Amino acid sequence: MSGKRRVAFVTGAARGIGAGTAARLAADGIAVVIADLDETACKATADAIVADGGTAIALGCNVTDEAQVDAAVDHVVAELGSLDILVNNAGVTRDNLLFKMSADDWDTVMSVHLRGAFLCSRAAQRHMVKAKYGKIVNTSSVSALGNRGQANYSAAKMGIQGLTRTLAIELGPFGINVNAVAPGFIVTEMTIATAERMGLTPEEHQAKAAAITPVRRVGQPEDIANAVAFLASDQASFITGQTLYVDGGRRL
Ligand SMILES: NC(=O)c1ccc[n+]([C@@H]2O[C@H](COP(=O)([O-])OP(=O)(O)OC[C@H]3O[C@@H](n4cnc5c(N)ncnc54)[C@H](O)[C@@H]3O)[C@@H](O)[C@H]2O)c1
């Protein structure tokens, strides 16, 4: 790969952890595709990266839509020449205790996290296998280990770990590494919405989480971006099938 500019496709990258990851990969000299539901929101994130001297393009793509995913990935390869790194980051929560959880809450969370990661990985590997090179980084969560009110999310995030191990086995012979990061509490709109649901201000919610975290702080998108950048790099080429918890030492 020496000399060739790599291309990364980051889902859910309009904001939060995905935007932070895209900015970090761009700072490393990688051309990044900012893929998210809303192309307008993607554009603001891509423009900020370009203003900082990076290469980024914005792309509207719902990861649960098979045709959209296949078209988006093919478009990226046609425009930028390859797809070397896929970061499956798009996510949603629909928290509720089991007895109040609707089938729609269940299906939505399964669809975005699991179907989304499956569809994007399948589309990306078509190009990666041909190139005999690829890095896929999935997004699990500490909630995979169990979290009250998150039966759907927890099941999906542990499912991501099984998907990661299996894709690592299938794709390893083709020069493709597949790993996952499992973030702890990261300050994004997702955790700000959780604070609101709990009747706390974001600052109160963050302070409570920091107090029970061994490193005594909550995480920022950059904390996850750093781990993703390592797993997506050639320094991690003998690491595959792993889930790296990036949580300040707190397992819920
Ligand atoms: N914030 C945390 O504390 C935390 C902890 C563990 C894991 N995670 C995971 O990290 C990832 C990013 O979370 P975040 O905190 O940045 O959340 P966020 O809500 O700030 O951002 C998620 C992004 O995903 C996009 N998205 C949602 N559905 C999509 C779809 N169908 N297709 C394309 N894009 C879609 C949203 O539009 C949004 O821009 C998620 O997978 C989340 O589950 C977050």
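For clarity, every value in this text was computed on a predicted model and none was experimentally measured.

Novice: Help me understand the overall build of the chain in this model?
Specialist: Each helix and strand in the chain was counted, giving 8 helices and 7 strands. Its C-alpha atoms give the chain principal-axis dimensions of about 50 × 35 × 35 Å. By the burial criterion, 52% of the 252 residues in the chain qualify as buried. For the chain, long-range pairs separated by at least 24 residues make up 70% of all intrachain contacts whose partners lie at least 6 apart in sequence. Accessible area for the chain stands at about 11400 Å²; split by element, carbon and sulfur atoms hold 55% of it. Taking the average location of the 23 positive side-chain charges in the chain and that of its 25 negative ones, the two points are 7 Å from each other.

Novice: What should I look at first to understand the site of the ligand in this one?
Specialist: In the vicinity of the ligand there are 28 residues, among which Arg15, Asp36, Asn89, Tyr153 and Thr188 approach most closely. Between the ligand and Ile17 there is a distance of 2.8 Å, counted from an oxygen atom to a backbone nitrogen or oxygen. Here Ile186 contributes a backbone N or O atom positioned 2.9 Å from an oxygen atom of the ligand. For the ligand, the accessible surface in isolation is 830 Å², of which the surrounding protein chains cover 94%. Taken together, the elements giving at least two residues each to the shell around the ligand come down to helix 1 (16-27), helix 4 (103-131), helix 5 (151-171) and helix 6 (189-197).

Novice: Sorry if this is basic, but what is going on with the domain arrangement of the chain here?
Specialist: A common way to express how large an interface is: the accessible area buried when the components associate. Per the domain assignment, the segments making up the chain are domain 1 (7-184 + 220-246) and domain 2 (187-218). Domain 1 and domain 2 are separated by 24 Å when their C-alpha centres are compared. Contact with domain 1, which involves 11 residues of that partner, is made by 7 residues of domain 2. Buried surface at the junction of domain 1 and domain 2, both sides included, amounts to about 710 Å², of which 47% is carbon and sulfur. Seen at the junction of domain 1 and domain 2, the total is 3 salt bridges. At the junction of domain 1 with domain 2, the criterion picks out 3 residue pairs in polar contact (both at pLDDT 80 or more).

Novice: Would you explain the sheet that holds strand 4 (residues 85-88) in this entry?
Specialist: If you walk across this open sheet you meet the 7 strands as 3-2-1-4-5-6-7, and the pairing is parallel. The open sheet has two edge strands, strand 3 (56-60) and strand 7 (243-246), and neither has a second partner. Strand-to-strand twist of the sheet, defined as the mean angle between neighbouring strand axes without regard to direction, takes the value 20 degrees. As paired elements, strand 5 (residues 134-139) and strand 6 (residues 176-183) share 6 bridges and run parallel to each other. By the bridge assignment for strand 6, Thr139 is matched with Val181. Contacting strand 4, strand 5, strand 6 and strand 7, helix 8 (residues 221-231) crosses the sheet at an angle of about 165 degrees to strand 6.

Reading the values: the criteria
Residues numbered from 1 in each chain as written. Predicted model: local features only at pLDDT ≥ 70, side-chain atom pairs only at ≥ 80, totals over all residues. Heavy atoms only, no water. Helix = DSSP H or I, 4+ residues; strand = E, 2+ residues; numbered from the N terminus. Buried < 20%, exposed > 50% of the residue type's maximum accessible area, 1.4 Å probe, protein only. Contact = heavy atoms within 4.5 Å. Areas by Shrake-Rupley, 256 points an atom, 1.4 Å probe, with all protein chains shown as cover. Lys, Arg positive; Asp, Glu negative; His and termini not counted. Charge placed at Lys NZ, Arg CZ, Asp CG, Glu CD. Near = heavy atom within 4 Å. Polar contact = N/O pair within 3.5 Å; in protein donor to acceptor, adjacent residues only side chain to side chain. Domains from an automatic or database assignment. Buried area = accessible area lost by both parts, 1.4 Å probe. Salt bridge = Lys/Arg side-chain N within 4 Å of Asp/Glu carboxyl O. Pairing = 2+ DSSP bridges. Axes fitted to C-alpha atoms, helices over the stretch in contact; angles between N-to-C directions.

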